[in-house]
Number of protein chains: 2
Amino acid sequence: MCVLGLGLIGGSVMRAAAAAGREVFGYNRSVEAVQAATFDGFDATANLDKALARAAADDALIVLAVPMPALGLMLGHIRAAAANCALTDVISVKGAVLREVEMYGLLERFVGGHPMAGTAHSGWAAGSVDLFVGAPWVVSVDDHVDAGVWTQVAQLALDCHAVVVPARSDEHDAAAAAISHLPHLFAETMAEIAGEVPLAYALAAGSFRDGTRVAGSAPDLVRAMCEANAAQLLPALDRGIELLTRARAALADTGSVAELVESGHAARMRYDSFARPDIIATVVGDENWRDELAAAGRAGGVIRSALPVLGSRG
Amino acid sequence: MCVLGLGLIGGSVMRAAAAAGREVFGYNRSVEAVQAATFDGFDATANLDKALARAAADDALIVLAVPMPALGLMLGHIRAAAANCALTDVISVKGAVLREVEMYGLLERFVGGHPMAGTAHSGWAAGSVDLFVGAPWVVSVDDHVDAGVWTQVAQLALDCHAVVVPARSDEHDAAAAAISHLPHLFAETMAEIAGEVPLAYALAAGSFRDGTRVAGSAPDLVRAMCEANAAQLLPALDRGIELLTRARAALADTGSVAELVESGHAARMRYDSFARPDIIATVVGDENWRDELAAAGRAGGVIRSALPVLGSRG
């Protein structure tokens, strides 16, 4: 298995996969991260050609763990040196990654992934072997995906002790807009408004601190996430503006915010009691397996141990 | 000292004031709370006439700790039985309380208060002697306030181990809209939008849970806060809608959310480094003492020990 990019996420994948007994090697652009990983006992290089030649020779699974802006460059090298390897990624926006992979002609052996884990820190040193324990790890079930590659990627997530959530890339991105990208913009908005009101910082307590916590994230990272997912974030923003505008009108006209407060509270209660049943009945590679898994994931289902596999090709 | 209402806040004031060595008695409408307080060794009654007669005889400071809808009834009884007592409150919206107090002709001896503390629970049993330790406790410095009463109310806050933030009622309410009421409506909105997007609950992690935490609050309490503060919440909502609409347009037109993300991040960083100097130079009752204290509070200043007092009347 070959990890390209040894930052927080890639470095944690390397540690967790090695701890599960897998043979793992990795590449990173900066020599410092390579030295740190090597010092910690891992097999890392700053020589991309060498890493990809080895991946091709071993028929290794390649994990793309580079920032979005570096993706195209990396895909070009993979096409040239390791086009037949199974390929996945751990980048946060799935539609944009899918389009780049298709552009480089690597779609056939690609299955997108997204472990829903992270910390406020970055770089090799911030990684840890247990970053993914119990976390949802999305493994894409888009129309093109191959059952054999899908199984390899799902097994990697399970080896990292994550739970697999099967999902279509576009649905993943719509959900990410609702639960992460929109909340980031809301937090920035609340922080800015408080900054404009005298006395607000003086009176702010726990609920403001929690509610604006993610506004402390590095602006470049927030922008990269939100801007790469504009297609899904725009309708979420529209809906947010619509709900707030309706609540504003109700407060001005009738003195009541009952509608928003009651529906928001009910939604939060449903979230608190959201069930995560095991997905067990589907056979990977069987007729309609992708649609079955997408529907099960949408309903909250997760995969906690390997599913049966019909064949190596879907 | 007489506490009217022995719920979470009133019950905690009673405990903290008694622990500071003050003579405290209290009233509550429900016999259950009175029995619980009595069982815990406090002097409590369900007989309002008796409590107010004793307050009048002792010239006690009366603390209004009833829910907003019960305020008018309580003020009517105070006017009839204890109109000369010094009066404060611990209700969250200051402008609405001030207007009711004025309507009942009790403004002269009234100084509004708001301890910025609470928990998700309510009732006598949820209270605790250390609920206010280190918390900001707003003590109003509106134009009408009497220096002698102000000093009594500030001393109560200090006895409860809070830090006193002097503030005008309208400025308090504008700040509360920015740091509490608007964040509640934003949390409700985020929870509702996630509830409408398939897969969103399935992928939601820590940042969504924290960002929508306050949507778990009882809808009646959220409505009471927001609706009583409509005058200040409406402009905060307008500003929120304006910022989000501008970010939406920038994302659609230029693919960038840089402006909002960078200004929100900068505002959150300023909040993290916000200083709380001690207010020490003002003499309560001196010329311009109210304006001086309001300006110092607005700038982040707090009172951690009693200020010098010029006279008993401002």
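Residues numbered from 1 in each chain as written. Chains lettered and ligands numbered in written order. Predicted model: local features only at pLDDT ≥ 70, side-chain atom pairs only at ≥ 80, totals over all residues. Heavy atoms only, no water.

## Quick notes on the sheet that holds strand β3 (residues 43-45) of chain B
Residues and elements named next belong to chain B.
In step 1: Read from one edge to the other, the open sheet built from 5 strands follows the order β3-β2-β1-β4-β5, with strand pairing classed as parallel. Pairing within the sheet leaves two strands with one partner each, and these edge strands are β3 and β5 (87-89). Strand-to-strand twist across the sheet, computed as the mean angle between neighbouring axes with direction ignored, equals 20°.
In step 2: Relative to strand β4 (residues 62-64), strand β1 (residues 2-4) is paired through 3 bridges, and the arrangement is parallel. Bridging from a neighbouring strand, C2 pairs with I62 of β4.
In step 3: Each of β1, β2 (25-27), β4 and β5 is contacted by helix α4 (residues 71-81), which is oriented at about 165° to β4, the strand it contacts most. (Pairing = 2+ DSSP bridges. Helix = DSSP H or I, 4+ residues; strand = E, 2+ residues; numbered from the N terminus. Axes fitted to C-alpha atoms, helices over the stretch in contact; angles between N-to-C directions. Contact = heavy atoms within 4.5 Å.)

## Comments concerning empty space enclosed by the protein
In step 1: Taken as a whole and assessed by the stated rule, the structure comprises 3 cavities of 30 Å³ or more.
In step 2: Here the largest cavity defines a volume of roughly 90 Å³.
In step 3: Along its surface, the largest cavity is lined by 14 residues, and S207 and G211 of chain A together with P183, G211 and V214 of chain B are the ones closest to its centre.
In step 4: Only α9 (206-211) of chain A together with α7 (169-196) and α9 (206-211) of chain B provide two or more residues apiece to the lining of the largest cavity.
In step 5: Examining the composition of the lining of the largest cavity, we find that 6 residues originate from one element, α7 of chain B, more than from any other.
In step 6: Each residue belonging to the lining of the largest cavity can be placed in one class, and the counts come to 6 nonpolar, 5 polar and 3 charged.
In step 7: In this structure, the second largest cavity occupies an estimated 60 Å³ of space.
In step 8: Forming the boundary of the second largest cavity are W150, T151, A154, Q155, L158, V284, I303, S305, A306, L307 and V309 of chain A.
In step 9: A per-class count over the lining of the second largest cavity returns 8 nonpolar, 3 polar and no charged. (1 Å grid on protein atoms, 1.4 Å probe; cavity = no way out; pocket = protein on both sides within 12 Å on 5 of 7 lines; lining within 4 Å. Points joined across faces, edges and corners; volume = space filled by probe spheres on them. Nonpolar A, V, L, I, M, F, W, Y, C, P; charged D, E, K, R; others polar.)

## Focus on the relation of the copies chain B and chain A
In step 1: Rotating chain B by 180° about the axis while translating it 0.0 Å along that axis superimposes it on chain A, leaving an RMSD of 0.1 Å. Here the copies are linked by what is in effect a two-fold axis. By C-alpha distance to the rotation axis, the residue of chain B lying nearest is G211 of chain B, at 2.4 Å. (Least-squares fit on C-alpha atoms with pLDDT ≥ 70 in both.)

## Things to note about the nonpolar core
In step 1: By size, the foremost hydrophobic cluster in this structure holds 90 residues, and its most contacted members are I179, L185 and L203 of chain A together with I179, L185 and L203 of chain B.
In step 2: Not counting residues up to four positions away in its chain, the partners in contact with L185 of chain B are L244, V257, L260 and V261 of chain A together with C226, L233 and L237 of chain B. (Core = buried A, V, L, I, M, F, W, Y, C linked by side-chain atoms within 4.5 Å. Buried < 20%, exposed > 50% of the residue type's maximum accessible area, 1.4 Å probe, protein only.)

## Considering the domain arrangement of chain A
All names here are of chain A.
In step 1: One can read the domain layout of chain A as domain 1 (2-167 + 276-299) and domain 2 (173-273).
In step 2: The distance between the C-alpha centroids of domain 1 and domain 2 comes to 31 Å.
In step 3: With 6 residues of domain 1 in contact, the opposing surface of domain 2 contributes 6 residues.
In step 4: Between domain 1 and domain 2 the total buried area reaches about 460 Å² when both faces are included, carbon and sulfur atoms providing 64% of it.
In step 5: Counting the surface domain 1 buries against domain 2, the share from its top three residues, S92, V93 and M116, is 63%.
In step 6: At the boundary of domain 1 and domain 2, one finds 0 salt bridges.
In step 7: Remark: the boundary between domain 1 and domain 2 carries 2 residue pairs in polar contact (both at pLDDT 80 or more).
In step 8: Along the lines of polarity and charge, the residues of the side of domain 1 that touches domain 2 split into 3 nonpolar, 2 polar and 1 charged. (Domains from an automatic or database assignment. Buried area = accessible area lost by both parts, 1.4 Å probe. Salt bridge = Lys/Arg side-chain N within 4 Å of Asp/Glu carboxyl O. Polar contact = N/O pair within 3.5 Å; in protein donor to acceptor, adjacent residues only side chain to side chain.)

## A look at the pairing of strand β8 (residues 163-167) of chain A
All names here are of chain A.
In step 1: Along β8, 5 of the 5 residues are buried, which leaves the element largely enclosed by surrounding structure.
In step 2: The alternating pattern of β8 places V163, V165 and A167 and V164 and P166 on opposite faces, both of which are buried.
In step 3: In this sheet, β8 lies alongside strand β7 (residues 136-140) in parallel orientation, the contact comprising 5 bridges. Residue pairing for β8: V139 is matched across the bridge by P166.
In step 4: In terms of handedness, the path from β7 via helix α6 (residues 147-159) over to β8 forms a crossover that is right-handed. (Right-handed = clockwise from strand over helix to strand, strands pointing away.)

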